[in-house]
Amino acid sequence: MPEPMPQVRDAIEVELEHHQQATRDVPDRPERAVLEVDNVNVYYGDYLAVRNVSVDFGHNEITALIGPSGCGKSTILRSLNRMNDLIVGARVDGPIRYWGQDMYAPGIDPIEVRRRIGMVFQKPNPFPKSIYDNIAYGPRVTGMNVPSMDDHVEQALTKAALWDEVKDKLKQSAYGLSGGQQQRLCIARTIAVQPDVILMDEPCASLDPIATLRIEELMAELRDQYTIIIVTHNMQQAARVADRTAFFTAAIDPDTGERHGELVEYDKTTKIFESPADSRTEGYISGRFG
Amino acid sequence: MSLYTPAASGADARRAVLSTSGRSKEQTPQSVLFIVLLWLSLLIGFVTLAVLLVDTFADGLTRLDGRLFTGYPSSRAEEAGARPAILGSLWVVGTTAVLAVPLGVAAAVHLEEFADRKRWWNRLVEINISNLSAVPAIIYGMLALGALALIGVQQKNIVIGGAIALAMLILPVIIISTREAVRAVPRELRDGSLAIGATPLQTTWRITLPAALPGIATGTILGLSRALGEAAPLLLLGGLVFLRFDPNGMLSQFTTMPIQIFSWTAQPQAEFHTLAAGASMLLMALVLLMNGAAIYIRNRYQKRW
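Residues numbered from 1 in each chain as written. Chains lettered and ligands numbered in written order. Predicted model: local features only at pLDDT ≥ 70, side-chain atom pairs only at ≥ 80, totals over all residues.

Attention now goes to the overall build of chain A. Helix and strand content of chain A: eleven helices and eleven strands. Computed over its C-alpha atoms, the radius of gyration of chain A comes to 19 Å, within 12% of the 19 Å expected for a compact globule of 290 residues. Viewed in the frame of its principal axes, chain A has a C-alpha envelope of about 60 × 60 × 35 Å. A burial count over chain A gives 44% of its 290 residues as buried. Within chain A, residue pairs in contact and separated by at least 24 positions form 72% of the contacts whose partners lie at least 6 positions apart. (Helix = DSSP H or I, 4+ residues; strand = E, 2+ residues; numbered from the N terminus. Rg over C-alpha atoms; globule rule 2.2 N^0.38 Å. Buried ≥ 20, exposed ≤ 12 C-beta atoms within 10 Å, placed from the backbone. Contact = placed C-beta atoms within 7 Å.)

Take the overall build of chain B next. Within chain B, the regular secondary structure consists of twelve helices and zero strands. Listing the helices and strands of chain B from first to last along the sequence gives α-α-α-α-α-α-α-α-α-α-α-α. Seen through its C-alpha atoms, chain B measures out along the principal axes to roughly 100 × 60 × 35 Å. Put simply, chain B has 305 residues, and 35% of those count as buried. Considering only contacts within chain B whose residues lie at least 6 apart along the sequence, 78% involve residues at least 24 apart.

Our focus in this paragraph is the interface of chain B and chain A. Of the residues lining the interface, 16 residues belong to chain B; the matching set on chain A comes to 21 residues. Every element with two or more residues in the side of chain B that touches chain A is listed here: helix H8 (187-194) and helix H9 (200-229) of chain B. At five residues, H8 of chain B tops the list of elements feeding residues into the side of chain B that touches chain A. Of the residues that constitute the side of chain B that touches chain A, the class distribution is eight nonpolar, four polar and four charged. (Nonpolar A, V, L, I, M, F, W, Y, C, P; charged D, E, K, R; others polar.)

Our next topic: the nonpolar core. Membership of the largest hydrophobic core comes to 141 residues, with the highest contact counts inside it found for Leu65 and Ala188 of chain A together with Ala165, Ile170 and Ala279 of chain B. With 16 residues, helix H7 (residues 159-183) of chain B is the largest single contributor of residues to this core. Each residue touching leucine 65 of chain A, except ones within four places of it in the same chain, is listed here: Lys73, Ile76, Leu77, Ile229, Val231, Ala246 and Phe248 of chain A. (Core = buried A, V, L, I, M, F, W, Y, C linked by C-beta atoms within 7 Å.)

All names here are of chain A. The terminal C-alpha atoms of helix H7 (residues 179-191), which comprises 13 residues, lie 18 Å apart, in line with the 18 Å expected from a rise of 1.5 Å per residue. Burial analysis of H7 places twelve of its 13 residues in the buried class, the great majority of the element. Within the span of H7, buried status applies to Gly180, Gln181, Gln182, Gln183, Arg184, Leu185, Cys186, Ile187, Ala188, Arg189, Thr190 and Ile191. (Expected span 1.5 Å × (residues − 1).)

This part takes up the packing of helix H4 (residues 131-141) of chain A against H7 of chain A. Residue and element names in this part refer to chain A. In the contact formed by H4 and H7, the axes pass within 7 Å of each other and the chain directions differ by 30°. Handedness of the crossing formed by H4 with H7: right-handed. For the pair H4 and H7, the contacting residues are Ile131, Asn134, Ile135, Tyr137 and Gly138 in the first and Leu185, Ala188 and Arg189 in the second. Its residues assigned to classes, the contact of H4 with H7 comprises five nonpolar, two polar and one charged. (Axes fitted to C-alpha atoms, helices over the stretch in contact; angles between N-to-C directions. Left-handed = near helix turned anticlockwise from the far one by under 90°.)

Turning to helix H11 (residues 257-265) of chain B, a few remarks are in order. The set of residues buried in H11 of chain B consists of Met257, Pro258, Ile259, Gln260, Ile261 and Trp264 of chain B. The inward-facing, buried residues of H11 of chain B abut helix H4 (83-114), H9, helix H10 (232-237) and helix H12 (270-300) of chain B.

All names here are of chain A. Backbone geometry at asparagine 60 places phi at a positive 55°, although glycine is not the residue there. Positionally, asparagine 60 belongs in the loop between strand S2 (47-58) and strand S3 (62-66). The residue glutamate 202 is not glycine, and still its phi comes out positive at about 45°. Examined against the element boundaries, glutamate 202 turns out to sit in the loop between strand S8 (197-201) and helix H8 (209-222).

So, about the pairing of S3 of chain A. Residue and element names in this part refer to chain A. Of all five residues making up S3, five are buried, and the element is well covered by its neighbours. Taking every second residue as pointing to the same face, both faces of S3 are buried, with Ile62, Ala64 and Ile66 on one and Thr63 and Leu65 on the other. Bridge analysis of S3 against strand S10 (residues 244-252) gives four bridges, and the strand direction is parallel. Bridge pairing links leucine 65 to alanine 246 in S10. (Pairing = 2+ DSSP bridges.)

All right, on to the pairing of strand S7 (residues 117-120) of chain A then. All names here are of chain A. With burial as the criterion, each face of S7 is covered, one bearing Ile117 and Met119 and the other bearing Gly118 and Val120. Where S7 lies against S8, four bridges are found, and the strand directions are parallel. Among the inter-strand pairings, methionine 119 is bridged to a residue of S8, identified as leucine 199.

Turning our eyes to something else, we now look at the confidence of the model for chain B. Put simply, chain B has an average pLDDT of 87, and 94% of its residues get 70 or more. In the model of chain B, helix H1 (residues 10-14) of chain B stands out as the element of lowest mean pLDDT, 58, in contrast to H8 of chain B, which has the highest, 94. (pLDDT = per-residue confidence, 0-100.)

All names here are of chain A. The topology assignment puts serine 279 in helix H11 (residues 279-285). A count of 10 C-beta atoms within 10 Å places serine 279 in the exposed class. Note: C-alpha distance between serine 279 and valine 264 (15 residues apart in sequence) is 9.7 Å.

The next subject is the packing of H11 of chain B against H12 of chain B. Residues and elements named next belong to chain B. The N-to-C vectors of H11 and H12 enclose an angle of 160°; their axes lie 8 Å apart at closest approach. With respect to each other, H11 and H12 are oriented roughly antiparallel. Seen along the crossing, H11 lies across H12 with a hand that is left-handed. Mapping the contact onto sequence places Met257, Pro258, Gln260, Ile261, Trp264 and Thr265 in H11 and Phe272, His273, Leu275, Ala276, Ala279, Ser280 and Leu283 in H12. Considering only residue class, the contact of H11 with H12 consists of nine nonpolar, four polar and no charged. (Parallel < 35°, antiparallel > 145°, perpendicular 65-115°, else oblique.)

Structure representation (C-alpha cells):
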C-alpha cells in the first residue's frame, strides 16, 4: 500500500491538534475584555442592519462570529475597527469600548483605532509590491520606530509561519505566492504594526482545505499574543479554533417588515455546539436552517 | 433492472434525434448579410486611411530628408525645413504636459477618492467634465486668447499661451482616463492599507496611484498625442507666423508642425506641397509612436492584482 502523501498526513495531524486545542478551557465570562460592544445598533442610511448587540471580547481569546448570510456578523466585525466608517451612510449607534474607552467618541482618530485593531479580509489582498515591502508598508506609513526593518520583517513573517517559505524571495512580487501564502502574508502584514486585536473576515473562504488548516494552526499560535475575532461560515472551523462563539441571525420585525441582524447567543464554543440555550442556535448548528 | 429507468413515458417522446440536414441556423442569409455589412464598414475606414497614408507618403518621400529637420522656413521650397516647428511642437506639448498632467490627475483623484458624491456641486463637476471633452478645440483657443488679453499680454503667440489652450483641451481626456484607472484598482487594496492604520492620503499615494499608473500613463499619452496634432486653437492665438529662429522658452514665439503644414499647403508652388506631405509623415509617425507607447504600457502592466 502506498504511503500517504506527506502533505496530507500533516493535515490530519494538524486537525487532531486542533481538536485538542478546541477543548481548551476558558472561564464562563471573559475575565479581561479588550472590546466591549454595549447595546450597539448599526445603520446603513436609515436601515437598521444590526440591532441591540452586546458582546465582550476576551483578551487573548479567539472568538468566532457565526450565523447565516445577512445576519450582521461582518457588519459588527467591521464596526470593531471603524472600517465601517468608510462605507457611505454607515453609522454605529452605541459605545464600542476598547480597553474601556469608547472608540466612537468624538476626538478618537479612526486611523489610530485601525492600527491597534487590524483586519484580515476574505480574499487575500497583498499589495502589488514585493513580499518585503508588503510587510514593511505598515511600519513605514504609521511611522513606527523600528531599529532594523529587516529584522522586523523577519519577525512578522516568522510569527505568521511564512518565513521559511519566502526568506529567499523577499524581493519578489507577493503575487507569486499561493492563495494560502498570500493570506498568511496579509496576517504578517497586520502583525507588523503590532496590533492588539486581529479581526478576520472569513479568512479561509477562498482557500483550499490544507491552506485553511494552516491558517487555523496559525491562529492557535497567535492566540497567546493577540486577541482574534473571526467571522466564519464554516461551523467546523468555529468549533475547531474558537474559545467562544457568538451566533447571529436575521429576524423580521413584525411591525415594519424589515429584516434586522441580531445576536442570539454568545457563550463558550463547547457550550454553543454541545448544549446551546436557544433553539435557533441549535437549529443552525444541526443544519436545519441557514 | 436498469438503474436509469425513465420516470415517465413522456421522457421517450422528448428523446430527439439531432438533425443531419446540414442546414445550420448559425448561417442564415440575414446573418451572412450582417457580417458582410460589418466587414464593409471596417473596410471603408481602413481603405481611406491606407489611401491617405500611401498618397501622402508618395508625395512627401522626396522631402523626408535631413533638411526637413534642420532647415528654417524659407520662401524657396528647396531650402525650407520645419526645424522651428518641430522644436515648437516639443516646447508646446512639453509645457502642456507639465500643466495638464498634475492638474488632471489631482482632479481625477479628488473626484474618485475624496469627493462626496451626495453633494450637488461634485455631481455638477462630473457631468461638466464629460461635456468639456466635447467642446470644439477652437473654443479653448478663444478662452486662452481672452485670458491672455485680460492679463494684458500683447504678443499672444507664445509657448505658454498655446500650452494653456492645449492643456485645457486635453484636461478632460486626462481626468476621465485617470478616473477609470483609479476606479479599476480593487477596493480590497485600499481596505488592506487602511486596515493597518494608513491614512486615506497615504493609501492614495502609496497604493492606489501606483497601481493606477499604467492607466494614467496611457490616458496621458493619448491626450498629449491629440495636443500634438491640434492646430485650431493655436491658429487663433496667431501661430501662423514665419519664424526663422528656434523657440527658447515659455515666452518665446513659436509655430508648431500642424500649423507649418497648414501654411505650406496654402502656398501656390507644388514644391511646398511636397514639403507639407513630408512634414505630415513626420507628424503622423510621432503620433503613431506615442499611441504605440500608450498601447505598450497598457498591455505590459495590465492588471497585476
